[in-house]
Amino acid sequence: MPHVRITEVLIPARRGRYAVPSLLAGDLEMVTGFISAAEETRSPVILAFNRHVTPDVPIELGLPMAVCAAQRATVPVATFLDHGHSLEEVAQAIRLGASSVMFDGSSLPYEENVRQTREIVRMAHAMGVAVEAELGSIAGSAIELGETQPAPEAHFTDPALAAEFVRRTGVDVLAISFGNVHGPYRGEPHLDLERVRTIHALVEIPLAMHGGSGLADEMYPSIIASGISKLGYYTAMGMGAISVLRHQLTTSDTLSYHHIIGTMVHYFYEQAKRVFALSGCIAKAAP
């Protein structure tokens, strides 16, 4: 199965009203577990390298690791630079083999976000690489894990601006703000799914949700049905890994580091299967 662009798994997801998880390719244990789960369940998956979440993993090593794993997989696997903040960062990811990149200009004034995104789209498309951009402000952080409130509604993605942004930039995937947050949610999440439905009706490209973990299982069907095709899922999984490690470290006196590696591969494999089920993408990979 070839290493694919995000559009090759997200356009079918948009048509079929399911989502494809974007999972953090932070180390070899994560990547190995995720791809094993994807192959077993015949699910497409996106391996996202985020240099801000894993700053101690050089992008020159971490991203090619994900690319190599994607190229060897028997299901569609896209590799993805998550939250790139400059043309130089995006260009480096493309040189290292990423099939897809994100330029996050959401903190810029609107016109500057349009200008820089359009420039990056032009460059990336010339190299056969797909581009995700972000419009609106998504609160929180997957790095500093204090519980956060969503951005004020005034910073949610404006549907009319979203349609204009997509038209002016030529971007392939759009990340939107509708009450979702990076990192842990504080209190009961309030997601503006009517806003998602409106944006979905106004644009023809897949929509991405960042901050897709830590929600009640019963929320995912309505989120996906509203028009989300790409589901960023990390924080809850990463915090759960700590509990697994603590249990192993306190229940065995004969551990060496390789035992921990095996435990983590199995943990991320099991967690990925769960996320694939929540996303509705099991058995969506081409045979």
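Bear in mind the structure is a predicted one, so any value in this text is a computation, not a measurement. (Residues numbered from 1 in each chain as written. Predicted model: local features only at pLDDT ≥ 70, side-chain atom pairs only at ≥ 80, totals over all residues. Heavy atoms only, no water.)

### What about the overall build of the protein?
- Counting secondary structure elements, the protein contains 10 helices and 11 strands.
- A globule of 287 residues ought to have a C-alpha radius of gyration of about 19 Å, and the protein, at 18 Å, matches this closely.
- Burial status across the protein gives 54% buried among its 287 residues.
- Long-range pairs, those at least 24 residues apart, make up 72% of the contacts in the protein with a sequence separation of at least 6.
- Taken as a whole, the protein presents about 12200 Å² of accessible surface, with 55% of it coming from carbon and sulfur.
- Separation of charge centres in the protein, based on 21 positive and 30 negative side chains, amounts to 7 Å. (Helix = DSSP H or I, 4+ residues; strand = E, 2+ residues; numbered from the N terminus. Rg over C-alpha atoms; globule rule 2.2 N^0.38 Å. Buried < 20%, exposed > 50% of the residue type's maximum accessible area, 1.4 Å probe, protein only. Contact = heavy atoms within 4.5 Å. Areas by Shrake-Rupley, 256 points an atom, 1.4 Å probe, with all protein chains shown as cover. Lys, Arg positive; Asp, Glu negative; His and termini not counted. Charge placed at Lys NZ, Arg CZ, Asp CG, Glu CD.)

### Regarding the packing of helix 2 (residues 28-41) against helix 3 (residues 59-72)
- The contact between helix 2 and helix 3 brings their axes to 10 Å, and the two run at 20°. With respect to their mutual orientation, helix 2 and helix 3 come out roughly parallel. The handedness of the crossing between helix 2 and helix 3 comes out as right-handed. For the pair helix 2 and helix 3, the contacting residues are L28, V31, I35 and E39 in the first and M65, A69, A70 and R72 in the second. (Axes fitted to C-alpha atoms, helices over the stretch in contact; angles between N-to-C directions. Parallel < 35°, antiparallel > 145°, perpendicular 65-115°, else oblique. Left-handed = near helix turned anticlockwise from the far one by under 90°.)

### So, the pairing of strand 5 (residues 100-103)
- A two-sided burial pattern is seen for strand 5, the buried positions comprising S100 and M102 on one face and V101 and F103 on the other.
- Relative to strand 5, strand 4 (residues 77-84) is paired through 3 bridges, and the arrangement is parallel. Note on strand 5: the bridge partner recorded for F80 is S100.
- Relative to strand 6 (residues 130-135), strand 5 runs parallel, the two being bridged by 4 bridges. If you follow F103 over to strand 6, its bridge partner there is A133.
- Once the chain exits strand 5 it traverses helix 5 (residues 110-126) before rejoining the sheet at strand 6, and the crossover so formed is right-handed. (Pairing = 2+ DSSP bridges. Right-handed = clockwise from strand over helix to strand, strands pointing away.)

### Some remarks on the pattern of salt bridges
- Applying the stated criterion across every chain, the model contains 11 salt bridges.
- In this structure, E111 and R168 form a salt bridge, with 2.9 Å as the shortest nitrogen-oxygen distance. One end of the pair, E111, is in helix 5; the other, R168, is in helix 6 (residues 159-169), with 57 residues separating them in the sequence.
- Classification of E111 as partly exposed rests on a relative accessible area of 45%.
- For R168, a relative accessible area of 25% translates into the label partly exposed.
- A salt bridge links D217 to R274, with the shortest nitrogen-to-oxygen separation between them at 2.6 Å. (Salt bridge = Lys/Arg side-chain N within 4 Å of Asp/Glu carboxyl O.)

### Remarks on the packing of aromatic side chains
- Tallying each qualifying case throughout the model produces 3 aromatic pairs.
- Ring geometry for Y267 and F268: centres 5.1 Å apart, planes at 70°, overall edge-to-face.
- Each member of the aromatic cluster is reached from another via a ring pair, and the members are F34, Y267 and F268. (Phe/Tyr/Trp six-rings, centres within 6.5 Å; stacked < 30°, edge-to-face > 60°.)

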